[in-house]
Amino acid sequence: MAKDLGVPLEACHMGCTLSVSTEPDLPAASGVDRRRFIGYVIGGTTLVAAADLVAPVGSANAAIPSIPQPAELYDLNDLLTQATLPTSNLISIAVHEDGTASFALPRMEVGQGITTSTAMLIAEELELPVGKVKVTLAQARPELLFNQLTGGSNTTISTYTPIRVAAAVARSALLDAAAIALGDAVENLVARGGVIQARDGRSVSYGELARSAASPSTKRVEVKLKDTSEFRVVGVGHKRVDARDAVTGKKKFTTDLQVKDALPTMVCRAPTPNGTPKRLRNKAEILRMPGVTHVAKVDTGIAVRAQTFGQCIDAIRAMRVEWNPGPVAGLSDKDIVAKLRAAELPMPSLPDNPLAELLEADFLFYFRSNSAMDTNSAIADVRADRATIWSGLKSPATAQARIAEALGMSASQVTVNVVTAGGSFGRRLFFDGALEAAKISQAMKKPVKLMWHRADDARVGRGHPMTTSRIRVLHAAGEVLAFQQSNTSVETDFRHGLGDIITAMGADLPAGLGNLGFAETVFALTQEIPYNFGVVLQTLVETEERFNTGSMRNIYSPDTRCANELVVDQLAKKMGKDPYEFRKSFLKNDRVIAVLDKVAQAGSWGRPMPKHMAQGIAIHKEYRGVSACLVEIDCRPQTVNRDIRDGVGGPRVTKVTYAIDVGLVVNPRGLEAQMQGGINDGIALALTSSMHLRDGHFLEASWDNYFYTRQWNTPPEVKVIVMPSDSTQPGGAGEAGVAATFAAVACAYARATGTMPTYFPINHREPLEFKVKPFVPPIPQSPTNGLKLTY
């Protein structure tokens, strides 16, 4: 039932091994109890527990009318989860003498709430209050290989069973120690709330048992996990463990950290993306400016270190720099569109059926910013023989290796500390800020606290690539015979790999060939048409490597789903069917049908709407989860043309009803919050958020002119419905709210205006609705009128 992987004690952090190998979604082999596992109590001064799990690989059920697509049989989450198995034996839970438990999570908290859900899992199996579980973020650990990547909505899926088993092993060891201390049998004891009690009322706390429960040597034990019917913590809404610190300003982000002599540092960047500095013409003048201590040229620009960030901004604005132009200098949106069109491949021939009708559609999705609210930042202290980095990183082991390479050091000489960040949207899979900070610190021979200006992240940071999506559908007699979708995109950069340097180097093979392989794999393992639409084909072509891009939240799904759900509406119209009923009649999956039915009922699908207002409905299936969204949109002239200070008007989504089924839910409150964020993302992608490329410049420069969903166009009414599930395993939820919302808003807009949109967002147009900030200097003067604009 279990296999000892033979990890030596001396290779384990704090004397612990955690050996995990499981595929929790699959049926158990004959005679195997899926709640019974092997674990370890490892030698040490206080209790440290670990686990060892092995499960069989099952076969997928492909008994469906259409040939299944790859993502239906084996999706990106399966790949990411199985990649973690060989090194899952290297993470641990410890119980301390103060009665608390601790766990260094090899993932990154960016506001999605995984430190809370992880604490809940440990608290559940360990029988400890959530408040006594301390979850921190692990440093970069290259020995974890693929097991330190935060992405693909995979954290809870891949850690759910290993964490529970390790906690159960710890509980078992505590019970054994309590039996000795209380002079009673284990079966007569009850563990609850960090205390173990005998039938006669005598009790002993976990803290009192921490040392006696520890083992002088590693021993193998068998534990049985709780049945889901016994859960008292998991599945019950819990406030975030860091909520109070977040709202009171006590929560520490990278720029809040106080590292000795790490002074504020910023970079003067080229006016075009990826331009490089020739020389700073007035270096002596800049060094004489108030507060300035150091100036250094690096490959990304001219860095300045000063006593305050305000002094850095003043220095950058005073710099006179000669630049080498970037590789996209002089290009505009229309040039990139033309390049994408030229790269589009012919779509395969459809069956020759004289009775069939052909429906074709063509969509364009413009560049979008991948900036997070917490700007790109890092602290670096580089010495002659070592370096220490602090930053928000989703692939810290890759960052460690690349930073070591840039500094001429070995990875063992570079310590990378993972810091909580405010948002990511895939942005922090890359480590641009950390690498840049390390180079600057080495050049200046001083510690630095680097902060990117918001204009930096918008104009030269990473974005979601421009994409075209062409669809052809053959239908006859009320049936869909074939559905083809072909996406052509600017390259999506996957050179962070799967969180390790090996796959990162593979993705970085010459001529984009390595990255293209990653892109095609990710696309195939995430995209599917969940309808019985005959012969289904979805393809991806990527071209144009000159832009800084990344895996923006939900990667390929928002654009792909928006395009095909708009076409689904057109098919329903062609066949004279209601959009909701049409979807229901063609959907393959009962879970998708259930969420579709739920939003139709809860959102009052089909209710009368005023002229220029309409409902839209859409579904999405990905990462073992299913979702449906029903929105109502107001496109009336008085709404579209409303005056908004420093913003854009346009249509407003007035109501959203969202249903989500991700299987077992660890924290319903956290899931609801995730969906609310994803809903606003989807609205932004449909209506307002994009980057304009003109003459080699991205015009947007901060949140005041990059129009993410704001207070004035956030729906007044949002209802998130978490569907009941009998599943014993969680699905992916971090990105689930985006695609269905984007598609539903697009469908609602088409019905309200009577015209199907063909480019997104719908306000990406000329003339611009904002004043463009200058490119030289590259960052604007800090505002001085903020108090005048408060309410």
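What counts, and where the lines are drawn
- The residue numbers shown here count from 1 along each chain, following its written sequence.
- Confidence filtering applies because this is a predicted model: local features only for residues at pLDDT of at least 70, side-chain atom pairs given and counted only at 80 or more, and all residues used for totals across whole chains, interfaces and linings.
- The side-chain numbers reported here are obtained from all heavy atoms of the structure, hydrogens and water having been left aside.
- Only DSSP runs of H or I covering at least 4 residues are called helices, and only runs of E covering at least 2 are called strands; the numbering of each starts at the N terminus.
- As defined in this context, the radius of gyration uses C-alpha atoms, and a globule is described by 2.2 Å times the residue total to the power 0.38.
- Buried residues are those whose accessible area, probed at 1.4 Å on protein chains only, stays under 20% of the maximum for their type, while exposed residues exceed 50% and partly exposed ones sit between those limits.
- The contact rule is simple, with two residues in contact once any of their heavy atoms fall within 4.5 Å.
- Using a 1.4 Å probe, accessible areas were evaluated by the Shrake-Rupley method; residue-level cover was limited to the displayed protein chains.
- As used throughout, the charge tally considers Lys and Arg to be positive and Asp and Glu to be negative, leaving His and the chain termini uncounted.
- Think of each charge as sitting on NZ of Lys, CZ of Arg, CG of Asp or CD of Glu.
- Definition used in this section: a nonpolar core is a set of buried Ala, Val, Leu, Ile, Met, Phe, Trp, Tyr and Cys residues joined via side-chain atoms within 4.5 Å.
- Pairing between two strands is assigned when DSSP locates at least 2 bridges connecting them.
- To get an axis, a line is fitted to the C-alpha atoms, and for a helix only the part in contact is used. The angle between two axes follows their N-to-C directions and goes from 0 to 180 degrees.
- An automatic or database domain assignment provides the domain bounds reported here.
- Each of two parts loses accessible area, computed with a 1.4 Å probe, when they are put together; buried area is these two losses added.
- Salt-bridge detection follows one rule: a side-chain nitrogen of Lys or Arg within 4 Å of a carboxyl oxygen of Asp or Glu.
- Throughout, the term roughly parallel applies to angles under 35 degrees, roughly antiparallel to angles over 145, roughly perpendicular to angles from 65 to 115, and oblique to all others.
- By the definition used in this description, the sense in which the near helix is turned from the far one sets the handedness, with an anticlockwise turn below a right angle giving left-handed and a clockwise turn giving right-handed.
- Each residue is assigned to one of three groups, with Ala, Val, Leu, Ile, Met, Phe, Trp, Tyr, Cys and Pro labelled nonpolar, Asp, Glu, Lys and Arg labelled charged, and all others, Gly among them, labelled polar.
- Cysteine sulfur atoms that pair up within 2.5 Å are treated as a disulfide.
- Side-chain atoms alone can form a polar contact between residues adjacent in sequence; in general such a contact is a pair of N or O atoms within 3.5 Å, and within protein one must be able to donate a hydrogen while the other accepts it.
- The arc in question is formed by the directions pointing from the helix axis toward the C-beta atoms.
- Any Phe, Tyr or Trp ring, taking Trp's six-membered ring, that has another such ring centre within 6.5 Å forms a pair; planes under 30 degrees apart are called stacked, those over 60 apart edge-to-face, and the others tilted.
- Helix span, as expected, comes to 1.5 Å for every residue beyond the first.
- Using only the protein atoms, space was sampled on a 1 Å grid; points where a 1.4 Å probe fits but cannot get out form cavities, open sets with protein on both sides within 12 Å along at least five of seven lines form pockets, and lining residues are those with an atom within 4 Å of a point.
- Grid points are joined across faces, edges and corners, and a volume is the space filled by probe spheres set on the points.

### A few points about the overall build of the protein chain
At step 1: Tallying secondary structure elements over the protein chain gives 20 helices and 32 strands in all.
At step 2: For 791 residues, the compact-globule estimate of 2.2 N^0.38 gives 28 Å, and the protein chain sits close to it at 27 Å.
At step 3: The principal-axis extents of the C-alpha atoms in the protein chain amount to approximately 80 × 75 × 55 Å.
At step 4: Across the 791 residues in the protein chain, those meeting the buried criterion constitute 61%.
At step 5: Within the protein chain, contacts between residues separated by at least 24 positions form 79% of all contacts whose residues are at least 6 apart in sequence.
At step 6: Surface accessibility of the protein chain: about 30600 Å² in total, with carbon and sulfur atoms responsible for 53%.
At step 7: Treating the 85 positive side-chain charges of the protein chain as one cloud and the 80 negative ones as another, the clouds have centres 6 Å apart.

### Focus on the nonpolar core
At step 1: If you look at the biggest cluster of nonpolar residues, it comprises 76 residues, and the most contacted ones within it are Phe363, Phe533, Val567, Leu571, Ile633 and Phe760.
At step 2: By residue number, the principal contributor to this core is helix α20 (residues 736-753), which donates 13 residues.
At step 3: Here Ile633 is in contact with His612, Met613, Ala614, Pro651, Arg652, Val653, Thr654, Leu687, Val745, Ala748, Tyr749 and Ala752, once residues within four sequence places are set aside.
At step 4: If you look at the next biggest cluster of nonpolar residues, it comprises 52 residues, including Ile114, Ala168, Val204 and Leu225.

### Overview of the sheet that holds strand β14 (residues 301-306)
At step 1: In space, the seven strands of this open sheet follow the order β13-β14-β11-β21-β18-β19-β20, with mixed pairing throughout. Two strands close off the open sheet at either side, each with one partner strand: β13 (292-298) and β20 (414-418). The sheet shows a mean angle of 25 degrees between the axes of neighbouring strands, direction not considered.
At step 2: Looking at chain direction, strand β18 (residues 377-382) and strand β21 (residues 448-451) are connected through four bridges and run antiparallel. Its bridge partner lying in β21, Ile379 is registered against Lys449.

### Focus on the sheet that holds strand β9 (residues 203-205)
The strands making up a sheet associate through backbone hydrogen bonding, with each pair oriented either parallel or antiparallel.
At step 1: Pairing in this open sheet of three strands is antiparallel, and the strands run β7-β8-β9 from one edge to the other. Both edges of this open sheet fall to β7 (190-192) and β9, since each of them pairs with a single strand only. In this sheet, adjacent strand axes meet at a mean angle of 20 degrees when their direction is disregarded.
At step 2: Where β7 lies against strand β8 (residues 195-197), three bridges are found, and the strand directions are antiparallel. Its bridge partner being in β8, Arg192 is matched across the sheet by Val195.

### Quick word on the domain arrangement of the protein chain
At step 1: Once the domains are mapped, the protein chain shows domain 1 (35-232), domain 2 (254-327 + 371-459) and domain 3 (333-368 + 462-760).
At step 2: Its C-alpha centre places domain 1 at a distance of 36 Å from the equivalent point of domain 3.
At step 3: Each side of the interface is counted separately: domain 1 has 30 residues, and domain 3 has 35 residues.
At step 4: Summed over both partners, the interface of domain 1 with domain 3 buries about 2700 Å², with 62% contributed by carbon and sulfur atoms.
At step 5: Looking only at domain 1, the three residues that lose the most surface to domain 3 are Gln69, Leu76 and Ser153, adding up to 20% of its buried area.
At step 6: The interface formed by domain 1 and domain 3 includes two salt bridges.

### A few points about the packing of helix α16 (residues 579-586) against helix α17 (residues 590-602)
At step 1: The geometry of α16 relative to α17 is characterised by a closest axis approach of 10 Å and an angle of 165 degrees between their N-to-C directions. Of the possible angle classes, the one that applies to α16 and α17 is roughly antiparallel. The handedness of the crossing between α16 and α17 is left-handed. In contact with Tyr580, Arg583 and Lys584 of α16, α17 contributes Ile593, Leu596, Asp597 and Ala600.
At step 2: Partitioned by chemical class, the residues of the contact of α16 with α17 number four nonpolar, no polar and three charged.

### A short note on unusual backbone geometry
Working note: non-glycine residues mostly have negative phi, and peptide bonds are mostly trans.
At step 1: A cis amide bond, omega -5 degrees, links Phe760 with the succeeding residue Pro761.
At step 2: Here Pro761 shows up in the segment after β32 (759-760).
At step 3: The residue after Val776, namely Pro777, is reached through a cis peptide bond having omega -5 degrees.
At step 4: Mapped onto the elements of the fold, Pro777 is located in the segment after β32.

### Structural notes on the state of the cysteines
At step 1: Within this structure, the stated rule accounts for zero disulfides.
At step 2: The closest cysteine sulfur to the non-disulfide-bonded Cys312 is located on Cys268, 12 Å from its own sulfur.

### Some points on the environment of Phe582
At step 1: Among the secondary structure elements, Phe582 is positioned in helix α16.
At step 2: Non-local contacts of Phe582, meaning those with residues more than four positions away in its chain, are made with Phe533, Val568, Leu571, Ala572, Met575 and Lys577.

### Brief notes about the packing of helix α15 (residues 557-574) against α20
At step 1: Look at α15 against α20: their axes get within 8 Å of each other, and the N-to-C directions meet at 40 degrees. When you trace α15 past α20, the crossing you get is right-handed. Where α15 abuts α20, its residues Ser557, Pro558, Asp559, Arg561, Cys562, Glu565, Leu566 and Asp569 lie against Val738, Ala739, Phe742, Ala743, Ala746, Cys747, Ala750 and Arg751.
At step 2: When its residues are assigned to classes, the contact of α15 with α20 shows 10 nonpolar, one polar and five charged.

### What about the side chain of Glu565?
At step 1: You can see Glu565 is positioned in helix α15.
At step 2: Its relative accessible area of 0% is what places Glu565 among the buried residues.
At step 3: For Glu565, the side chain forms a polar contact with the side chain of Tyr531, separated by 2.7 Å.

### Re helix α8 (residues 309-318)
At step 1: Where α8 is concerned, the buried positions are Phe309, Cys312, Ile313, Ala315 and Ile316. What you see down the axis of α8 is that its buried residues fit within an arc of 165 degrees, all on one side.
At step 2: Of the surrounding secondary structure, the elements contacted by the buried residues of α8 are β11 (263-268), α7 (283-287), β13, β14 and β21.

### Considering the packing of aromatic side chains
At step 1: The full count for this structure, using the stated rule, is 17 aromatic pairs.
At step 2: On the basis of an interplanar angle of 80 degrees and a centroid distance of 6.2 Å, the ring pair of Tyr366 and Tyr759 is categorised as edge-to-face. Separated by 393 residues along the polypeptide, Tyr366 in the loop between β16 (357-365) and β17 (368-369) and Tyr759 in strand β32 bring together distant segments of the chain.
At step 3: Judged by relative accessible area, which is 14%, Tyr366 ranks as buried.

### Remarks on α15
At step 1: Here α15 spans 25 Å end to end across 18 residues, near enough to the 26 Å set by a 1.5 Å rise per residue.
At step 2: The buried fraction of α15 amounts to 15 of the 18 residues, a majority that puts the element mostly inside the structure.
At step 3: Looking at the residues trailing α15, positive phi occurs at Gly576, about 70 degrees.

### As for empty space enclosed by the protein
Rolling a probe over the atoms, with the probe sized like a water molecule, indicates the empty space that remains.
At step 1: For the structure on display, the rule yields nine cavities of 30 Å³ or more.
At step 2: Taken as a whole, the largest cavity spans an internal volume of roughly 120 Å³.
At step 3: Lining the largest cavity are 16 residues; nearest its centre among them are Gly461, Arg462, Gly463, Asn548 and Phe698.
At step 4: Broken down by secondary-structure element, the contributors of at least two residues to the lining of the largest cavity are β17 and α12 (454-460).
At step 5: For the lining of the largest cavity, the class distribution of residues is seven nonpolar, five polar and four charged.
At step 6: Counting only domains with at least three residues in the lining of the largest cavity, you end up with domain 2 (254-327 + 371-459) and domain 3 (333-368 + 462-760).
At step 7: Each pocket or cavity is described by its volume, and for the second largest cavity that value is around 80 Å³.
At step 8: Around the second largest cavity sit 14 residues that line it, and Val648, His692, Phe707, Asn763 and Phe770 are the ones nearest its centre.
At step 9: Tallied by class, residues from the lining of the second largest cavity come to six nonpolar, five polar and three charged.

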